[in-house]
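What follows is each chain in one-letter form.
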There are 2 protein chains.
Amino acid sequence: MGDVCVGIDVGGTTVKLGVFESSGQLLRKWEIPTRKEHGGSHILPDVAASVRRTLGEMKIALTDVCGAGLGVPGPVAADGYVPRCVNLGWGECHPARDLSLMLDGIPVKCANDANIAALGEMWQGGGKGHNDIVMVTLGTGVGGGVVVDQKIVAGKHGLAGEIGHTHVRDDETEYCNCGSRGCLEQVASATGIVHEAKVFLASDGRESVLRDIGDGMTAKDVIDAAKAGDELAVEVVECVCYYLGRALAQIALTVDPEIFVIGGGVSKAGQYLVDIIQKYYEEYERLSENRPLIGLAKLGNDAGIYGAARMVLD
Amino acid sequence: MGDVCVGIDVGGTTVKLGVFESSGQLLRKWEIPTRKEHGGSHILPDVAASVRRTLGEMKIALTDVCGAGLGVPGPVAADGYVPRCVNLGWGECHPARDLSLMLDGIPVKCANDANIAALGEMWQGGGKGHNDIVMVTLGTGVGGGVVVDQKIVAGKHGLAGEIGHTHVRDDETEYCNCGSRGCLEQVASATGIVHEAKVFLASDGRESVLRDIGDGMTAKDVIDAAKAGDELAVEVVECVCYYLGRALAQIALTVDPEIFVIGGGVSKAGQYLVDIIQKYYEEYERLSENRPLIGLAKLGNDAGIYGAARMVLD
């Protein structure tokens, strides 16, 4: 068994790939397009060919590779079985087994992309040095991943780490994509933050720099305005962080990780955001002075390839 | 290493003990008083003497015992370290190591009592046949335990499974023992159910059989009245189960177990209670048609000794 492993993160548009030393050192990373036509049947052959080509360029033999990890954007059972993956056009399949066959039988493991991102951040990112982390990704939606004792908690029905759909708001009047009302994602995703700002603007006559931005407003606009002291924007961010803090407290009272790692585009707001989340988190977790830390993700879009590679080191 | 293991569940008043075959068969169970005086210094020597005496009566040598598990009513770190245990009068200690020394060096493991109860229900109770369960105990308070892949998730700060302090109610005006407001325990514990019934009675002029019961009202009175069709009692039980269902949905969206097992005195209300919890649970977990089951605990007060014994079989 070799000292090199491959991490593959299959997204709806591109596949990210990386070759790593087992120490965690990234040796090479690259991308290929995700060809979703014909039921996504080209994806794994494209990946296999690209891995072979790159390893060839790097003068690494497949026999020197200890394995490849594969992240896919949808539910994956603990044994690697995928019931279906609408984002890739796949029906029922076992991509780990299939990819292994295409790569001379090297070990391949498969898991959900949000879960491997959490594992990646644990290995070489914001959770480095910890064995138990919960990652919360604030992007277009709100996703997450739970790692206990250096292992992904995949759950039995593809629901583990789906913290974007935790109920946080009783008086929410609109429905979430999931069919429920009052989900964390409705308020704390990039989309949710903008929506929240628009609701505040509509129900409130106050001056705000956000009024001039109009329809193209982004979550970054809202947070930047809050950082600059815009009163209405501050209230929006406080509201968003209140629900995030409460949700983290609920998660702490279930799995109690060493650290929460906040990632995704919204987390670029940095420590400013963490501090406000922390304030509300402490309000809703009063059992112990010792509580999980809250930190920022460090690997950005590479978290997936790191985590995928880390999977095959167990 | 023998085929017999010992389970010990140290409570504030009594210590429950059991001798088990490694198959899960309970061979003998008994109790001794918990002597809390002198900083609880008699507890472990009493336990050791009692284990020796009973094994002697059963003609089992300590060398035929594969180990003993110990549950204590307070936080226990993953390595068995106890920062303090106010319920037993203990300061900082390592009870597993101490008890092992008193029992000729047999392996001893120690964990929190709510967590071992969850493990016991997984092994031989309501979660039998499953590897991943979350137990929710509805007693004087609301406690819980999380088991992933047949192992207790202890958490890093003694918070894992403390689901009684999950925030569920925004408009709660009273404080919980933990210092927060709106905790699940405030509405779904036996005490909480009675409190809820009194609030309903005070704010509502309707007839109810609960009016005649007065100060001695119990959670069982409330649930029995609901089962008999008392309109106000039905509303109380619906309210309690609404918050329980929502809390279970939140937990499912974090760790996604195979089954939730409901235990504690309140769970004697049986399938009636489970059905109402299920109704609200499904409302707040809409991501998948496949979701964790909800079932009833089966081991009652013996769950702790089962789980303690199970710990040493790994």
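Remember, predicted model here, so these are calculated numbers, not experimental data.

Asker: I'm lost on the overall build of chain A in this one. Help?
Answerer: The number of helices and strands found in chain A is ten helices and ten strands. Relative to the compact-globule value of 20 Å for 314 residues, chain A shows a C-alpha radius of gyration of 20 Å, a close match. Classification of the 314 residues of chain A by burial places 54% in the buried group. Long-range contacts, defined as pairs at least 24 residues apart, comprise 65% of the intrachain contacts of chain A with a sequence gap of at least 6.

Asker: How do you make sense of the interface of chain A and chain B when you look at a structure like this?
Answerer: A common way to report how large an interface is uses the accessible area buried once the components associate. Listed per partner, the contact involves 37 residues of chain A and 37 residues of chain B. Put simply, the parts of the chain that give the side of chain A that touches chain B at least two residues each are β7 (142-148) and α8 (231-255) of chain A. Across the side of chain A that touches chain B, the residue classes tally to 16 nonpolar, twelve polar and nine charged.

Asker: Hey, could you run me through the nonpolar core in this one?
Answerer: Considering soluble globular proteins, one finds that nonpolar side chains tend to be buried as a cluster. Grouped together as the largest cluster of nonpolar side chains are 217 residues, with contacts concentrated most on A68(A), V222(A), A68(B) and V222(B). No other element matches the 15 residues that α8(A) contributes to this core. Setting aside chain neighbours within four positions, we find V222(B) in contact with I193(B), V194(B), A197(B), L210(B), M217(B), A233(B), V236(B) and V237(B).

Asker: For this particular structure, what's the right way to read the sheet that holds strand β5 (residues 108-112) of chain B?
Answerer: Each strand in a sheet pairs with its neighbour through backbone hydrogen bonds, running either in the same direction (parallel) or in the opposite one (antiparallel). Residues and elements named next belong to chain B. Pairing is mixed across the open sheet formed by five strands, whose spatial order is β3-β2-β1-β4-β5. The open sheet has two edge strands, β3 (26-33) and β5, and neither has a second partner. The sheet shows a mean angle of 15° between the axes of neighbouring strands, direction not considered.

Asker: Explain the domain arrangement of chain A here, please?
Answerer: Residues and elements named next belong to chain A. Domain parsing of chain A yields domain 1 (4-124 + 302-311) and domain 2 (133-297). Computed from C-alpha coordinates alone, the two centres of domain 1 and domain 2 are separated by 29 Å. The interface of domain 1 with domain 2 comprises twelve residues on the first partner and 16 residues on the second. Of all the elements, helix α4 (residues 113-124) adds the most residues to the side of domain 1 that touches domain 2, at seven residues.

Asker: Sorry if this is basic, but what is going on with the relation of the copies chain A and chain B here?
Answerer: Structural alignment of chain A on chain B gives an RMSD of 0.0 Å, achieved by rotating through 180° and translating 0.0 Å along the axis. Such a combination of rotation and displacement between the chain copies is what one expects of a two-fold axis. In this assembly the copies share their binding face: 100% of the residues contributing to the interface of chain A also contribute to that of chain B.

Asker: Just to check I follow, could you spell out the packing of helix α6 (residues 190-202) of chain B against helix α8 (residues 231-252) of chain B for this structure?
Answerer: Packed helix pairs are characterised by how far apart their axes lie and by the angle those axes make with each other. Residues and elements named next belong to chain B. Where α6 contacts α8, the two axes come as close as 10 Å, and the packing angle between them is 130°. Between α6 and α8, the angle falls in the class oblique. For the pair α6 and α8, the crossing hand works out as right-handed. Along its contact with α6, which presents I193, E196, A197 and F200, the element α8 presents L232, E235, V236, C239 and V240. Here the residues of the contact of α6 with α8 are counted per class, giving seven nonpolar, no polar and two charged.

Asker: Would you explain helix α9 (residues 271-283) of chain B in this entry?
Answerer: Note on helix geometry: an α-helix contains 3.6 residues per turn, so any two residues three or four positions apart are oriented the same way. Over its 13 residues, α9(B) extends 19 Å from the first C-alpha to the last, a length consistent with the 18 Å expected when each residue adds 1.5 Å. The elements touched by buried residues of α9(B) are α7 (219-227), α8, β9 (259-263) and β10 (293-296) of chain B.

Asker: Teacher, can you tell me more about the pairing of strand β2 (residues 14-21) of chain B here?
Answerer: All names here are of chain B. Within β2, six of the eight residues are buried, leaving the element largely enclosed by the surrounding structure. Where strand β1 (residues 4-10) lies against β2, seven bridges are found, and the strand directions are antiparallel. Bridge pairing links I8 to L17 in β2. Taking the residues between adjacent antiparallel strands as the criterion, β1 and β2 are bridged by three residues. For β2 and β3, the ladder comprises seven bridges, and the chain directions are antiparallel. Each bridged residue has a counterpart across the sheet, and for K16 the counterpart in β3 is E31.

Asker: It is not clear to me how the pairing of strand β10 (residues 293-296) of chain A should be interpreted in this structure. Could you clarify?
Answerer: Side chains on a regular strand alternate between the two faces of the sheet. Residue and element names in this part refer to chain A. With four bridges connecting them, strand β9 (residues 259-263) and β10 associate as parallel partners. Within the sheet, the bridge partner assigned to V261 lies in β10 and is G295. Viewed along the sheet, the connection from β9 through helix α9 (residues 271-284) into β10 turns out right-handed.

Asker: Which parts of the structure should I look at to understand unusual backbone geometry?
Answerer: With the exception of glycine, the majority of residues adopt a negative phi angle, and the majority of peptide bonds are in the trans configuration. All names here are of chain A. Not every positive phi belongs to a glycine, and H38 is a case in point at roughly 55°. Of note, H38 is situated in helix α1 (residues 37-40). You can call H38 exposed: it has 9 C-beta atoms within 10 Å. Residues other than glycine seldom take positive phi values, yet K59 does so here, at roughly 60°.

Asker: How should α8(A) be read in this particular structure?
Answerer: Residue and element names in this part refer to chain A. A rise of 1.5 Å per residue sets the reference length of α8, with its 25 residues, at 36 Å; its end C-alpha atoms lie 36 Å apart and thus fit the reference within 8%. Among the 25 residues of α8, 19 are classified as buried, and the element is accordingly described as predominantly covered. Remark: D256 follows α8 within two positions and exhibits a positive phi of approximately 50°.

Asker: Explanation requested: the environment of G24(B) in the structure shown.
Answerer: Residues and elements named next belong to chain B. Examined against the element boundaries, G24 turns out to sit in the loop between β2 and β3. Since 15 C-beta atoms lie within 10 Å of it, G24 is described here as partly exposed. Residues G24 and W123, spaced 99 residues apart in sequence, show a C-alpha to C-alpha distance of 7.5 Å. G24 has contacts with W123 and Q124, leaving out every residue within four places of it along the chain.

Asker: Please explain the packing of α8(A) against α9(A) as it appears in this structure.
Answerer: Residues and elements named next belong to chain A. Where α8 meets α9, the closest approach of the two axes is 7 Å, and the angle between their N-to-C directions is 50°. What the angle tells us is that α8 and α9 run oblique. Every pair of crossing elements has a handedness; the one defined by α8 and α9 is right-handed. Together, V237, E238, C241, Y242, L244, G245, R246, L248 and A249 of α8 and L273, I276, I277, K279, Y280, Y281, E283 and Y284 of α9 make up the contact between the two elements.

Asker: Is there a simple way to explain the sheet that holds β9(B) in this structure?
Answerer: Residue and element names in this part refer to chain B. A sheet is described by the order of its strands in space; here five strands give the open sequence β8-β7-β6-β9-β10, paired in mixed fashion. With one partner strand each, in any of the chains shown, β8 (151-152) and β10 form the two edges of the open sheet. Bridging between strand β6 (residues 133-138) and β9 involves five bridges; their strand directions are parallel. Paired with V134 across the two strands is F260, which belongs to β9.

Asker: Any chance you could explain the confidence of the model for chain A here in plain terms?
Answerer: Do not read the fine detail of predicted coordinates wherever pLDDT is low. The predicted model of chain A averages 94 in pLDDT, with 99% of residues at 70 or higher. The complex model carries a pTM of 0.92, and its ipTM stands at 0.90.

Reading guide: rules and limits
- Residues numbered from 1 in each chain as written.
- Chains lettered and ligands numbered in written order.
- Predicted model: local features only at pLDDT ≥ 70, side-chain atom pairs only at ≥ 80, totals over all residues.
- Helix = DSSP H or I, 4+ residues; strand = E, 2+ residues; numbered from the N terminus.
- Rg over C-alpha atoms; globule rule 2.2 N^0.38 Å.
- Buried ≥ 20, exposed ≤ 12 C-beta atoms within 10 Å, placed from the backbone.
- Contact = placed C-beta atoms within 7 Å.
- Nonpolar A, V, L, I, M, F, W, Y, C, P; charged D, E, K, R; others polar.
- Core = buried A, V, L, I, M, F, W, Y, C linked by C-beta atoms within 7 Å.
- Pairing = 2+ DSSP bridges.
- Axes fitted to C-alpha atoms, helices over the stretch in contact; angles between N-to-C directions.
- Domains from an automatic or database assignment.
- Least-squares fit on C-alpha atoms with pLDDT ≥ 70 in both.
- Parallel < 35°, antiparallel > 145°, perpendicular 65-115°, else oblique.
- Left-handed = near helix turned anticlockwise from the far one by under 90°.
- Expected span 1.5 Å × (residues − 1).
- Right-handed = clockwise from strand over helix to strand, strands pointing away.
- pLDDT = per-residue confidence, 0-100.

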